[in-house]
Amino acid sequence: MKLGVNIDHIATLRNARGGAEPNLARAAEIALKEDVFALTMHLREDRRHIKDSDLYEVKKLGAKINLEMAATTEILQIALDLSPYSVCLVPEKRQEITTEGGLDVSSQKEYLKEFIKPLKERGILVSLFIDADLNQVQSASDIKADYIELHTGSFSNAFDKKEYNSELNKLITASIEAQKLGLKVNAGHGLNYQNVYLMKQIPNLSELNIGHSIISRSVFTGLKQAIREMNELIN
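Residues numbered from 1 in each chain as written. Predicted model: local features only at pLDDT ≥ 70, side-chain atom pairs only at ≥ 80, totals over all residues. Heavy atoms only, no water.

J.: Mind showing me how you'd approach the packing of aromatic side chains here?
T.: Ring pairs (aromatic) are described by centroid distance and by the angle formed between their planes. A full pass over the atoms with the stated rule returns five aromatic pairs. Ring geometry for Phe-37 versus Tyr-85: centroids 5.6 Å apart, planes at 85 degrees, classification edge-to-face. In this pair, Phe-37 sits in the loop between α2 (24-32) and β2 (38-42) while Tyr-85 sits in the loop between α4 (73-82) and β4 (86-89), placing the two residues 48 residues apart along the sequence. What makes Tyr-85 partly exposed here is its relative accessible area of 28%. Taking the centre distance of 5.4 Å and the plane angle of 35 degrees together, the rings of Phe-159 and Tyr-164 count as tilted. Owing to a relative accessible area of 16%, Phe-159 belongs among the buried residues under this scheme. An aromatic cluster of three or more residues is present, and its members are Phe-155, Phe-159 and Tyr-164. Directly above the ring of Phe-37 sits Lys-2, whose terminal nitrogen or CZ lies 4.0 Å from the centroid. Positioned above the aromatic ring of Tyr-193, the side-chain terminus of Arg-217 is 3.7 Å from the ring centre. (Phe/Tyr/Trp six-rings, centres within 6.5 Å; stacked < 30°, edge-to-face > 60°. Helix = DSSP H or I, 4+ residues; strand = E, 2+ residues; numbered from the N terminus. Buried < 20%, exposed > 50% of the residue type's maximum accessible area, 1.4 Å probe, protein only. Lys NZ or Arg CZ within 6 Å of the ring centre and 35° of its normal.)

Listed below in structure tokens is the structure:
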């Protein structure tokens, strides 16, 4: 299983004072030295953390960027110009603190099918951030996505209450079905140092994308050590 590190919250901390510290490119350099497969960066409509210029600075380092984005024309044009390694389409609400759930692919299949065509033509891998719902899995296959990323937020919340078996089984079932349909499977959201070991029960996961818990631990241990510890847990 590969580790993708979401560095959005380095930018959140930087933006709290409106200056240049902590330096996002420096964080990316540290991560890339720790056997990180890709760096996830969510360019939100309101630019609350990652800025447009951050994407280009990190790409100059040779990083595989997994660009999280809403399915909007503005962000699509940026993605086509940037040509990241992959994009992950996510739902986006102005008032949310963080992404609250998976993308409803089923209700907008025709729109999303057309939306991802120029990305795929550019050779950019397309992932859809969805809940562990078989209807959404089928819809992701129908529009010819390359990957799904299973939203693990409900599992993570249930883990804290020690009632996670049902949510874990949903993830396992969705992953198996997705792979039968030819989709590759990633997972992420809310995963931390206490619950990530259970992701090994989901068959053939390609990648875990983890951000907040790694950045939080790095406050106490340093970013290099925080990434190293997470890599040891998932491998």
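Moving on from the model shown.
J.: For this particular structure, what's the right way to read α2?
T.: Residues three or four positions apart in an α-helix share a direction because the helix packs 3.6 residues into each turn. Residues of α2 that are buried include every one of Leu-24, Ala-25, Ala-27, Ala-28 and Ala-31, and no others. Seen end-on, α2 carries its buried residues on one side only, within an arc spanning 155 degrees. Elements that come into contact with the buried residues of α2 comprise α1 (8-17), β2, α3 (52-59) and α10 (223-234). With a side-chain oxygen lying 3.1 Å from the backbone nitrogen of Ala-25, the N-terminal cap of α2 falls on Asn-23. (Arc of directions from axis to C-beta. Contact = heavy atoms within 4.5 Å. Polar contact = N/O pair within 3.5 Å; in protein donor to acceptor, adjacent residues only side chain to side chain.)

J.: I would appreciate a short explanation of the pairing of strand β5 (residues 125-130) in the present structure.
T.: Within a regular strand, side chains alternate between the sheet's two faces. Counting buried positions over the six residues of β5 gives five, a clear majority of the element. Both β4 and β5 contribute to a ladder of four bridges, which runs parallel. Counterpart to Ser-86 in the pairing with β5 is Leu-125. As judged from the four bridges shared by β5 and strand β6 (residues 147-151), these two strands associate in the parallel manner. Paired with Leu-128 across the bridge in β6 is Ile-148. Considered for its hand, the β-α-β crossover made up of β5, helix α6 (residues 134-142) and β6 is right-handed. (Pairing = 2+ DSSP bridges. Right-handed = clockwise from strand over helix to strand, strands pointing away.)

J.: Would you explain the packing of helix α7 (residues 153-160) against helix α8 (residues 165-180) in this entry?
T.: Helix-helix packing is described using two parameters, namely the angle between the two axes and the distance between the axes. Put simply, α7 and α8 touch, their axes get as near as 8 Å, and they point 155 degrees apart. In terms of their interaxial angle, α7 and α8 are classed as roughly antiparallel. For the pair α7 and α8, the sense of crossing is left-handed. Side by side, α7 and α8 meet where Ser-154, Phe-155 and Ala-158 of the first sit next to Glu-167, Leu-168 and Leu-171 of the second. Split by residue class, the contact of α7 with α8 holds four nonpolar, one polar and one charged. (Axes fitted to C-alpha atoms, helices over the stretch in contact; angles between N-to-C directions. Parallel < 35°, antiparallel > 145°, perpendicular 65-115°, else oblique. Left-handed = near helix turned anticlockwise from the far one by under 90°. Nonpolar A, V, L, I, M, F, W, Y, C, P; charged D, E, K, R; others polar.)

J.: Looking at this structure, I do not really get the nonpolar core. What am I missing?
T.: Grouped together as the largest cluster of nonpolar side chains are 71 residues, with contacts concentrated most on Leu-128, Met-199 and Ile-214. Among the elements that line this core, the one with the most residues is α4, at six residues. When near neighbours in sequence (up to four residues on either side) are disregarded, Leu-128 contacts Cys-88, Leu-89, Leu-103, Val-105, Ala-140, Ile-143, Ala-145, Tyr-147, Ile-148 and Glu-149. (Core = buried A, V, L, I, M, F, W, Y, C linked by side-chain atoms within 4.5 Å.)

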